[in-house]
Amino acid sequence: SLTPPKSHRATLMASPPTGPAAPAGLESMEGLALDIIIAKAGARPAAALACASTHLRAAVAEDAVWRSFCARDLGLDAPLDPEDRPLPSFKDAYKVWSESFGMYPLPLVKRVKLFWSSLKGWISENFPEALRTLSKGASEAQIRSAEDDLGFKLPMPTKLLYRFCNGQLPFSKNEDIRMAPLGIIGGYVFYNYNVNVHLSSLEQMVEETKEFNLHLEEQGLPIGPNLALVASSWYHPKTFLLNCSSGDLYVGTANLSAGEMMPCVPESLIKPTNSDMPQDGLLLWLEEHLRRLQNGMIKIRPLSTSRYICLYPEASPLCSSAVTNGVKVRASAVFVPEHPRRGHLGTHLYSYSIRLSVPEACMLGGVYFSSCQLHSRHWIIRCKDTVVSDMHGEGVIGEHPLLLPGQDEFVYESCTPLNGSSGSVEGSFTFVPGRLTQPEGKPFDVTVAPFPLEVPDYIF
Amino acid sequence: MVRLRSSDGQELEYVNRHFSDPAAAADPFDYIPNFDDPLKAFDDAFVQVDQDTLFDLIDAAECLEIEGLMDLTCKTVADQMRGKTIEEIRKKFHVVNDYTAWAFE
């Protein structure tokens, strides 16, 4: 609200014009109007005003002025330094942040700061064991040193990302087993194929990029654009590469050793040279990943005794859901670009996750059953709209899950190749009320609603 | 009593114009027009005045508690400050540098 405090108004009303007219303008201005002008002008003009005269300096020294600049320019709502240490005033905070980050456009600083604080907030709440794997921010000197080692510059948004957090702790023989599932990008598991993507530190980036280039050289392949390896999977290999000239982000296919990779961020969004708000593939990719974590499209799942960020979609339209006679089936797929493909170019591999449960009760023709058991499956796979596979089989992944009402979902994963860029899977399961060894009624079919197989616009 | 030097007519005109616009009249003291609103063209022209008049308008807006006018006039002054050095600011706004005098006191 703009109602000025009483003292300001009293000053304005009570002072009669004295002697020759005082110069109208900045010097004779006080209180509310001056505060508003300073607030609208911004931090740089405010700093200039502070040097113009003692009266203006006093107006600018109000910490309220700097509190509002901190909020507006940096998204900072408490007087903290870049390492979260408290400072005596917002004015000090603005100064410290300007000195530390002034070489970047402030709107971008605010955006990257918001990204990291939101991601760390989500991780604290949902995946706290991963928090300790996130290193503190790198310094400008560390970034320059990495660029020198790489032989090329990193795009500005990526540098800022690393200023706030120098990736995750690298693979270390002592810790590898416990840290493996803690990738902040996460992954998937099907059969014995396990992927979990971690964000690399600058040091790891340099080391892996050099190895990759050496490998290309040894094969007589051209090194080409300035590619930095920014994220990679523990367990089975999966690598993300940032083209530091164009800002595009790529994921290596199974033929990465021959230089084969796919874009994993829509190219139209990449704006590496925009002066106010440059955005590169890494920033866009990470922001999209955070959105999916926040809106529940992807979630934490158990993995034997630990947990990991699981990339199978959990919500429509990518995850289908159907309930038949009380038996609920949810199903979704992920695109697996790095898996060695059987067959020719144009074959993609998808892994899907099927979740079975009886949320309330299993009912058939007015009769409730205490359990039901899966006997067989009918699976239809389409490429575009053409059926390419229509098969029946016993059980699922060699099992016949027994479902009891109210229990946690029975989840299994499998995979399928697809000779084309998009398709879908649907089908049904035949269940027996009671148990297979002791049926309590006639078998019935449970729908698996169609779910898509598509190369997504963002690949994780 | 605050005397408005040359702007009684001008400031009254702002209030009339904003009151006669249905959207602005709905919230006369807080309405700020969008960039494609014809009222914006009026506002832009309204503040094309000399500095003395501009500061008089600020005073009047503050006294009369017309938030929209306060916002418009303060923003105009603020825009004039951007990109200027300390000396340029002093010149433009007739600010006396009392730092040197103070140092000797």
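Not measured: the values here are computed from a predicted model. (Residues numbered from 1 in each chain as written. Chains lettered and ligands numbered in written order. Predicted model: local features only at pLDDT ≥ 70, side-chain atom pairs only at ≥ 80, totals over all residues. Heavy atoms only, no water.)

Enquirer: Tell me about the domain arrangement of chain A, and name the residues and values.
Expert: Residue and element names in this part refer to chain A. Looking at the assigned domains, one finds that chain A contains domain 1 (6–102), domain 2 (107–294) and domain 3 (312–454). Between the C-alpha centres of domain 1 and domain 2 there is a distance of 40 Å. Facing the ten residues of domain 1 at the interface are seven residues of domain 2. Among the residues domain 1 hides against domain 2, the three largest losses belong to Leu74, Trp97 and Phe101. Together they make up 57% of the total. Put simply, domain 1 and domain 2 have zero salt bridges between them. For the interface between domain 1 and domain 2, the tally reads three residue pairs in polar contact (both at pLDDT 80 or more). Elements represented by at least two residues in the side of domain 1 that touches domain 2 include exactly α5 (63–74) and α6 (90–101). The biggest single contributor to the side of domain 1 that touches domain 2 is α5, with four residues. Residue composition of the side of domain 1 that touches domain 2, by class: five nonpolar, two polar and three charged. (Domains from an automatic or database assignment. Contact = heavy atoms within 4.5 Å. Buried area = accessible area lost by both parts, 1.4 Å probe. Salt bridge = Lys/Arg side-chain N within 4 Å of Asp/Glu carboxyl O. Polar contact = N/O pair within 3.5 Å; in protein donor to acceptor, adjacent residues only side chain to side chain. Helix = DSSP H or I, 4+ residues; strand = E, 2+ residues; numbered from the N terminus. Nonpolar A, V, L, I, M, F, W, Y, C, P; charged D, E, K, R; others polar.)

Enquirer: Summarise the packing of aromatic side chains; cite the residues concerned and give the values.
Expert: For any two aromatic rings, the description comes down to two numbers: the centre-to-centre distance and the angle of the planes. Residues and elements named next belong to chain A. Tallied over the full model, the rule gives 19 aromatic pairs over all chains. Aromatic side chains Phe240 and Trp285 sit 4.6 Å apart centroid to centroid with 45° between the ring planes, which places their arrangement in the tilted category. Residue Phe240 is found in strand β4 (residues 239–243), and its partner Trp285 is found in helix α12 (residues 281–294); the two are separated by 45 residues along the sequence. Overall, the relative accessible area of 0% leaves Phe240 in the buried class. The class for Trp285 is buried, based on a relative accessible area of 0%. Seen in terms of ring centroids, Phe335 and Tyr350 are 5.6 Å apart; in terms of plane orientation they differ by 45°. Their pairing is tilted. With Phe335 in strand β10 (residues 327–335) and Tyr350 in strand β11 (residues 347–357), this residue pair connects regions lying 15 residues apart in the sequence. You'll find Phe335 and Tyr350 in the same group, each marked buried. In this structure an aromatic cluster arises from ring pairing among Phe240, Trp285, Tyr458 and Phe460. Over the ring of Phe101 we find Arg163; its NZ or CZ atom is 4.2 Å from the centre of that ring. (Phe/Tyr/Trp six-rings, centres within 6.5 Å; stacked < 30°, edge-to-face > 60°. Buried < 20%, exposed > 50% of the residue type's maximum accessible area, 1.4 Å probe, protein only. Lys NZ or Arg CZ within 6 Å of the ring centre and 35° of its normal.)

Enquirer: Mind laying out the interface of chain A and chain B, listing which residues take part and the relevant values?
Expert: Opposite the 28 residues of chain A that make contact, chain B presents 31 residues. Taking both sides of the interface into account, the surface hidden between chain A and chain B amounts to around 2700 Å²; carbon and sulfur atoms contribute 67%. The tally of links from chain A across to chain B stands at one salt bridge. In terms of residue class, the side of chain A that touches chain B is made up of 20 nonpolar, four polar and four charged.

Enquirer: If you had to explain the confidence of the model for chain B to someone new, which residues and values would you point to?
Expert: Residues and elements named next belong to chain B. The predicted model of chain B averages 76 in pLDDT, with 68% of residues at 70 or higher. Within chain B, helix α7 (residues 99–104) has the poorest average pLDDT of any element, 58, and helix α6 (residues 86–93) the best, 90. Segment residues 1–6: pLDDT under 50, and twelve contacts once partners within four positions in sequence are set aside and those in other chains are kept. In the predicted assembly, ipTM is 0.77 and pTM is 0.85. (pLDDT = per-residue confidence, 0-100.)

Enquirer: Could you give me a rundown of the pairing of strand β18 (residues 422–433) of chain A, with the residues and numbers involved?
Expert: All names here are of chain A. By the criterion of burial, β18 is predominantly enclosed, with nine of the twelve residues buried. By the bridge criterion, eleven bridges tie strand β14 (residues 372–383) to β18 in an arrangement that is antiparallel. Note on β18: the bridge partner recorded for Arg382 is Ser424. Summarising the sheet, β18 and strand β19 (residues 444–454) pair through nine bridges and their orientation is antiparallel. Residue pairing in the sheet places Phe429 in a bridge with Val446 of β19. (Pairing = 2+ DSSP bridges.)

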